[in-house]
Amino acid sequence: VQLVESGGGLVQAGGSLRLSCAASGLTFSAYVMGWFRQAPGKEREFVGGISRSGGNTYYADSVKGRFTISRDNAKNTVYLQMNSLKPEDTAVYYCAASISAAVVGAPREYRYWGQGTQVTVSA
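Residues numbered from 1 in each chain as written. Predicted model: local features only at pLDDT ≥ 70, side-chain atom pairs only at ≥ 80, totals over all residues. Heavy atoms only, no water.

Spatially, four strands are ordered E1-E3-E8-E7 in an open sheet, and the strand pairing comes out antiparallel. The open sheet is flanked by strand E1 (2–6) and strand E7 (67–72), the only strands paired with a single partner. For this sheet, the mean inter-axis angle between neighbouring strands, taken without regard to orientation, is 15°. Strand direction decides the pairing type here: E7 and strand E8 (residues 77–82), joined by six bridges, are antiparallel. Note on E8: the bridge partner recorded for serine 70 is tyrosine 79. (Pairing = 2+ DSSP bridges. Helix = DSSP H or I, 4+ residues; strand = E, 2+ residues; numbered from the N terminus. Axes fitted to C-alpha atoms, helices over the stretch in contact; angles between N-to-C directions.)

Quick look at the structure:
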């Protein structure tokens, strides 16, 4: 199983980025997908999650209204559209896959993880 994130980079505050996560080696549509992030010296935190069909999405309060998660099961890809970025959004962003995700926001629910992509937001 491979999850490969892309789309990170350096952006000014108020700007936008779109992250992608391409999955292979698994039945993508059978997995709940999540996005997490980890800033230096901090624990990994939940950003957003999406159900298998894409019909339900979940967000951390800190990103609600600014970030949008979506998926394309035909392309085995999940996306994270990030708007109105703030310096505090600076982190390495990871996508993850869970077959069950009883608790969508809990990292322990996710079996497969990508390598991460750096997002840096300058003030």
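The next subject is the nonpolar core. Ranked by size, the top nonpolar core spans 37 residues in total, and within it Met33, Trp35, Val78, Leu80, Met82 and Tyr93 carry the most contacts. For this core, the secondary-structure elements that each account for two or more residues are strand E3 (17–24), strand E4 (32–38), strand E5 (45–50), E7, E8, strand E9 (91–98) and strand E11 (117–122). When residues in this core are grouped by element, the largest group, five residues, is from E9. (Core = buried A, V, L, I, M, F, W, Y, C linked by side-chain atoms within 4.5 Å. Buried < 20%, exposed > 50% of the residue type's maximum accessible area, 1.4 Å probe, protein only.)

Below, the discussion takes up the environment of aspartate 61. In this structure, aspartate 61 sits in the loop between strand E6 (57–59) and E7. Judged by relative accessible area, aspartate 61 falls into the exposed class, the value being 67%. Between the alpha carbons of aspartate 61 and valine 47 there is a distance of 8.6 Å; along the sequence they are 14 residues apart. Here the side chain of aspartate 61 touches lysine 64 through a polar contact of 3.1 Å, side chain to side chain. (Polar contact = N/O pair within 3.5 Å; in protein donor to acceptor, adjacent residues only side chain to side chain.)

Each aromatic ring pair is described using two quantities: the centre-to-centre distance and the angle formed by the ring planes. As enumerated under the stated definition, the model contains five aromatic pairs in all. Consider the rings of tyrosine 31 and tyrosine 112, whose centres lie 6.1 Å apart with planes at 55°: the pair is tilted. With tyrosine 31 in the loop between E3 and E4 and tyrosine 112 in strand E10 (residues 112–113), the pair connects residues that are 81 residues apart, well separated along the chain. Residue tyrosine 112 is classed as buried on the basis of its relative accessible area of 19%. Ring pairs connect the aromatic residues Phe36, Phe46, Tyr110 and Trp113, which therefore count as one cluster. (Phe/Tyr/Trp six-rings, centres within 6.5 Å; stacked < 30°, edge-to-face > 60°.)

Counting buried positions over the six residues of E5 gives five, a clear majority of the element. With five bridges connecting them, E4 and E5 associate as antiparallel partners. For phenylalanine 36, the partnering residue across the bridge sits in E5 and is phenylalanine 46. Hairpin connection from E4 to E5: six residues lie between these consecutive antiparallel strands, with glycine 41 at a positive phi of about 75°.

Okay, the environment of threonine 77 next. Note on placement: threonine 77 falls in strand E8. Its relative accessible area of 10% is what places threonine 77 among the buried residues. In the structure, threonine 77 is positioned 17 residues away from alanine 60 in sequence and 21 Å away in space, judged by C-alpha atoms. Excluding anything up to four places from it in sequence, threonine 77 contacts Ser20, Cys21, Ala22, Phe28, Arg71 and Asp72. In this structure the side chain of threonine 77 is engaged in a polar contact, spanning 2.8 Å, whose partner is the backbone oxygen of lysine 75. (Contact = heavy atoms within 4.5 Å.)

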